[in-house]
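Analysis of the macromolecular model
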Amino acid sequence: MKKLLLIASVLLATSAFAEKVGVVDSQRAFFQFSETKKAQQSLESQAKKVENEARQKEVALQKEYVALQAKGDKLTDAEKKAFEKKSQDFQSFLNSSQDKLNKDQMAKLKRIETVYVKAVKKVAADGKYDYIFEAEALKVGGEDITDRVIKEMEALK
């Protein structure tokens, strides 16, 4: 009888310390989230517009360069300086456009990450999970909650 009580108390003690662990595949959640797809499309559209505008400006600069080269010795310092200014403006345009695209991308990623973190916290609280790990970080054990996180992300958007 004492042996049975000892086994029962050990089982009770270990089950009292058992912790509920969830795992989530953040990459799958990220790429299946509808807002990610919208963000990608938006960024691609912006990039194409910038690329088209840059191409037009570059062609105009090249034409002007050819015209200036045709002048040969008759090219004035003022014309050279004006062309250099246009070239610098073009480079500034490229840099500022790239910076704007990068900032837009970071803002969209930050928004998605915020939604992801809120979703994970909500699923963890609702499911009474003690720990949530990245699926790749936990090789054995844990309950996959990725689908619930994706569903919650969609609800939070």
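Residues numbered from 1 in each chain as written. Predicted model: local features only at pLDDT ≥ 70, side-chain atom pairs only at ≥ 80, totals over all residues. Heavy atoms only, no water.

Time to look at helix α5 (residues 146–156). Turning to α5, its buried residues number three or more, namely T146, V149, I150, E152 and M153. What you see down the axis of α5 is that its buried residues fit within an arc of 165°, all on one side. Exposed side chains of α5 directed beyond 90 degrees from the buried face belong to D147, K151 and A155. (Buried < 20%, exposed > 50% of the residue type's maximum accessible area, 1.4 Å probe, protein only. Helix = DSSP H or I, 4+ residues; strand = E, 2+ residues; numbered from the N terminus. Arc of directions from axis to C-beta.)

This brings us to the confidence of the model for the protein. Chain-level pLDDT for the protein is 89 on average; 89% of the residues reach the 70-or-more range. Put simply, helix α1 (residues 2–17) is where the protein has its lowest mean pLDDT, 43, and α5 is where it has its highest, 97. With pLDDT under 50 throughout, residues 1–16 is counted as low confidence; its partners more than four residues away or in other chains account for zero contacts. (pLDDT = per-residue confidence, 0-100. Contact = heavy atoms within 4.5 Å.)

Here the structure, examined in full by the defined rule, presents 11 salt bridges. Of the charged contacts in the structure, one is a salt bridge between D126 and K122, with a shortest N-O distance of 2.9 Å. In this pair, D126 and K122 are both assigned in helix α4 (residues 77–126), four residues apart and thus about one turn of the helix distant. Close ionic contact of K157 with E154 constitutes a salt bridge, the shortest N to O distance being 3.2 Å. The class for K157 is partly exposed, based on a relative accessible area of 43%. Given a relative accessible area of 25%, E154 falls into the partly exposed group. (Salt bridge = Lys/Arg side-chain N within 4 Å of Asp/Glu carboxyl O.)

Okay, the nonpolar core next. Grouped together as the largest cluster of nonpolar side chains are 16 residues, with contacts concentrated most on V24, A29, F33, Y116, I145, V149 and M153. For this core, the secondary-structure elements that each account for two or more residues are α4 and α5. Among the elements that take part in this core, α4 stands out by supplying seven residues, more than any other. If you look at the next biggest cluster of nonpolar residues, it comprises seven residues, including A54, L68, L75 and F90. (Core = buried A, V, L, I, M, F, W, Y, C linked by side-chain atoms within 4.5 Å.)

Here we come to α4. An ideal rise of 1.5 Å per residue puts 74 Å on 50 residues; α4 measures up with 73 Å between its terminal C-alpha atoms. One or two positions beyond α4, positive phi appears at K128, with a value near 55°. (Expected span 1.5 Å × (residues − 1).)

This part covers the packing of helix α3 (residues 34–71) against α4. α4 packs onto α3 with a crossing angle of 175° between their chain directions and a minimal axis gap of 11 Å. Taken together, the axes of α3 and α4 are roughly antiparallel relative to one another. A breakdown of the residues in the contact of α3 with α4 according to their chemical character gives 14 nonpolar, six polar and 11 charged. (Axes fitted to C-alpha atoms, helices over the stretch in contact; angles between N-to-C directions. Parallel < 35°, antiparallel > 145°, perpendicular 65-115°, else oblique. Nonpolar A, V, L, I, M, F, W, Y, C, P; charged D, E, K, R; others polar.)

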